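Secondary and tertiary structure notes
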Amino acid sequence: MVAGNEQDQEAGHRRDHLLAALDLMDEGVISLDAELRVVGANASALRILGLEPGDLHKPRWWELVRPRRLDGTIPSFEEAMRSPARDVAVRIRRPSDGRARHLVVHHEPVPGVGTVLTFRDRTDEERTSARLASSALRDRLTGLPNRAAALAELEQALAAGTPFALLLVDIDAFRSVNTGLGQAAGDQVLREVAGRLRGALPRTARAARFGPDDFAVVAPVADEAAARAIAERIADAFAGPFATGQGAHLSASVGIAMGDAARDAAGVITAAEAALARARSRGRGLVDVFDDALQRSTADRLALTADLRGAIESDALTVAYQPIVDVSDGTARLVSLEALARWDHPERGPIPPSRFVALAEDAGLVRALGRRVLARACLEVAGLRRDHPDVAGQLRLSVNVSARQIASGLLEHDIRAALGASGLPPRALSLELTETALMDDGGTRIDPLVAVRADGVRLFLDDFGTGYSSLARLRRLPLDGLKIDRSFVAGLGSVAVDGAIVEAILTMAQALQLPVVAEGVETRDQARILRSLGCKLAQGFLHGRPMPLEELRAGLARDGRWALRPVRASG
């Protein structure tokens, strides 16, 4: 009997230890019999559910917390406890304080005994997760939803199948605020733009910051007229001066695409971007809507871009060369060639450079295009120098370089690779860069070119006179020459102001000891005036059109001098 008492005491101690351990658990534990009556529960169960000990022994005790499935279904508690799913997400409302809590309840059947429920409170975790998710979908500067949130909104609108419109809002000439007043002022303007945008939209429309200086609006509207009405409200919101930016006046261009413009979010965005591009091409502060004509144009543009990508990858583009001549002695002595990309589409025929270069810019193909042209031109001109040493042994090559090529950070590598593969000496290569390419970002874009210039590569400022350069700025740039824009050369002899501008540019260049190439020389009169003003280098139809390599090679085989002769400028 003593031994039996000791065994009972030992079992009691183990039970007490077990119950104490259960009470220390963060998870709630409830033991149920076959009729779902409570056999036992730990302290955490009472705390999480907000119940008193006596509540658990009431019939249908679970109705005190009003459980609801988070997936929207509302089965009875009995069904939930006997379902195959062992984990059920449940929302309850605690009787003790009326607060809603989210639980994950696990029920484990115990054969011959009943069921054991274990559950944990995930309310705080879910709230933290929701805050983090909200932060990840919100733009920190403006407080608006960000691009990811706008994309999610678009996906939801498409899935719902109800009519809606996407409006892309671009702040016209916003870069001038950043460059002129600084980024801090630009940031403040963006905050004010966001505030005005919120105030202009109907309650059902949702705005987001879609890019550095553009915004997106997803609006549940039935037709194009309603979308245009929202765009007009946005335009009106920009009417007054902005408090920051020294009272700057800004305008917004808007591109609209209705939700049925495409089957997916990417397609709707592309449609709105096309409408925005057309609006901006017509001026500032305008609105345009994606339509059938624009759809055909966009489809054609996408197809042509895909063809361009293939042509670049297969090296199907060719290079034409336009002579740059020395006219200082009254003749035209060939000294350099400007390499110009050409694309003869297998079905569409020749595609104008102005078109396919713009496509390359938009599609991020500029570096690949520029690298191909540079490599091929270096190889071909090195061959001309080698094969015609008497007339082309000192021939130079000029290649255009875009701002995006410089910004890629890989231009220096591409230049050295092209020179190394071709054997063309660095001193024979000139890079032509526009003023806008160099003057963006305070002129720092030229920094990556300093190393190749040290190798001997020369830098020419192209289209001079159409950008921002002044004498003070030119002095800071490591340049080796200028090219006068053809728009000024065209007016020589007929437009007095053009003659004065050309003379001023030549005087400025002479002060800086920079050679000057006059572009677009088409008539003998233009050539004569340029010589009289002291311009020694010329390029234009008068001295030779851009020509394929074989035509150029044939000309060099005859003579290395280009005679001054009038040539029609058409074609």
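Here goes a summary of the coordinates provided. Model, not experiment: these values are computed from the prediction.

Conventions and cut-offs
Residues numbered from 1 in each chain as written. Predicted model: local features only at pLDDT ≥ 70, side-chain atom pairs only at ≥ 80, totals over all residues. Heavy atoms only, no water. Helix = DSSP H or I, 4+ residues; strand = E, 2+ residues; numbered from the N terminus. Buried < 20%, exposed > 50% of the residue type's maximum accessible area, 1.4 Å probe, protein only. Contact = heavy atoms within 4.5 Å. Areas by Shrake-Rupley, 256 points an atom, 1.4 Å probe, with all protein chains shown as cover. Arc of directions from axis to C-beta. Pairing = 2+ DSSP bridges. Axes fitted to C-alpha atoms, helices over the stretch in contact; angles between N-to-C directions. Phe/Tyr/Trp six-rings, centres within 6.5 Å; stacked < 30°, edge-to-face > 60°. Lys NZ or Arg CZ within 6 Å of the ring centre and 35° of its normal. Salt bridge = Lys/Arg side-chain N within 4 Å of Asp/Glu carboxyl O.

Focus on the overall build of the protein chain
The helix and strand tally for the protein chain stands at 22 helices and 20 strands. Taking all 571 residues of the protein chain together, 44% fall into the buried category. Once local pairs closer than 6 in sequence are excluded, the contacts in the protein chain between residues at least 24 apart make up 61%. Of the roughly 29100 Å² of accessible surface on the protein chain, 52% is carried by carbon and sulfur atoms.

Observations concerning helix α21 (residues 524-532)
Note on helix geometry: an α-helix contains 3.6 residues per turn, so any two residues three or four positions apart are oriented the same way. Taken as a whole, α21 has its buried residues at Gln526, Ala527, Ile529 and Leu530. When α21 is viewed along its axis, its buried side chains cluster within an angular range of 165° and face the same direction. Looking at the buried side of α21, the elements it contacts are α19 (486-489), α20 (496-511) and β19 (516-518). Count one or two residues on from α21 and you reach Gly534, which has phi positive near 95°.

Observations regarding the sheet that holds strand β11 (residues 287-289)
Read across the sheet, 5 strands follow the order β8-β9-β7-β10-β11 without closing on themselves; strand pairing throughout is mixed. Strands with a single pairing partner mark the edges of an open sheet, and in this sheet they are β8 (206-209) and β11. Strand after strand, the sheet turns through a mean of 20° between neighbouring axes, direction not considered. Here strand β10 (residues 252-258) runs beside β11; their pairing, made up of 3 bridges, is parallel. Bridge pairing in β11 places Val254 opposite Val287.

A word on the side chain of Asp172
With respect to the helices and strands, the residue Asp172 is situated in the loop between β7 (165-171) and α6 (175-181). Apart from residues no more than four positions distant in its own chain, Asp172 is found in contact with Leu250, Ser251, Ala252, Ser253, Arg284 and Gly285.

Let's talk about the packing of aromatic side chains
Scanning the model with the defined rule gives 1 aromatic pair in all. A ring pair is formed by Trp343 and Phe356, whose centres lie 6.1 Å apart and whose planes are at 90°; its orientation type is edge-to-face. Of this pair, Trp343 sits in strand β13 (residues 333-345) while Phe356 sits in helix α11 (residues 353-363), placing them 13 residues apart in sequence. A relative accessible area of 5% means that Trp343 is categorised as buried. A cation over an aromatic ring shows up here: Arg147 above the ring of Phe210, its NZ or CZ 4.0 Å from the ring centre. Over the aromatic face of Phe541 sits the side chain of Arg545, whose NZ or CZ is 4.5 Å from the ring centroid.

A short note on the sheet that holds strand β1 (residues 28-33)
Taken in spatial order, the 6 strands of this open sheet run β2-β1-β6-β5-β4-β3, and their pairing is antiparallel. Edge positions in the sheet fall to β2 (38-41) and β3 (68-69), since each has one partner strand and no second.

Focus on the pairing of strand β18 (residues 481-484)
Where burial is concerned, the two faces of β18 agree: the one with Gly481 and Lys483 and the one with Leu482 and Ile484 are both buried. Here strand β17 (residues 458-464) pairs with β18 via 3 bridges, running parallel. Paired with Phe460 across the strands is Gly481, a residue of β18. Bridge count for β18 against β19 is 3 bridges, and the pairing is parallel. The partner of Lys483 across the bridge, within β19, is Val517.

Remarks on the environment of Asp462
Here Asp462 is to be found in strand β17. For Asp462, a relative accessible area of 6% gives the class buried. C-alpha separation for the pair Asp462 and Val517, spaced 55 residues apart in sequence, amounts to 9.2 Å.

Here we look at the pattern of salt bridges
Tallied over the full model, the rule gives 29 salt bridges. For Arg37, the salt bridge goes to Asp33, with nearest N and O atoms at 2.9 Å. With a relative accessible area of 52%, Arg37 lands in the exposed category. The exposure class of Asp33 is buried, given its relative accessible area of 17%.

Considering the environment of Gly211
Topologically, Gly211 is positioned in the loop between β8 and β9 (214-219). Its relative accessible area of 17% is what places Gly211 among the buried residues. With 64 residues separating them in the primary sequence, Gly211 and Arg147 have C-alpha atoms 7.2 Å apart.

Describing the pairing of strand β12 (residues 318-326)
Looking along a regular strand, one sees side chains alternate from face to face of the sheet. The element β12 is largely enclosed, with a buried count of 8 among its 9 residues. In terms of strand pairing, β12 meets β13 through 9 bridges, oriented antiparallel. Note on β13: the bridge partner recorded for Tyr321 is Ala339. Linkage of β12 to β13, two consecutive antiparallel strands, is achieved through a turn of 6 residues, within which Gly330 is found at a positive phi near 90°. Where β12 meets strand β20 (residues 537-538), 2 bridges bridge the pair, whose relative direction is antiparallel. Counterpart to Asp326 in the pairing with β20 is Leu537.

In short, geometric facts, not functional conclusions.
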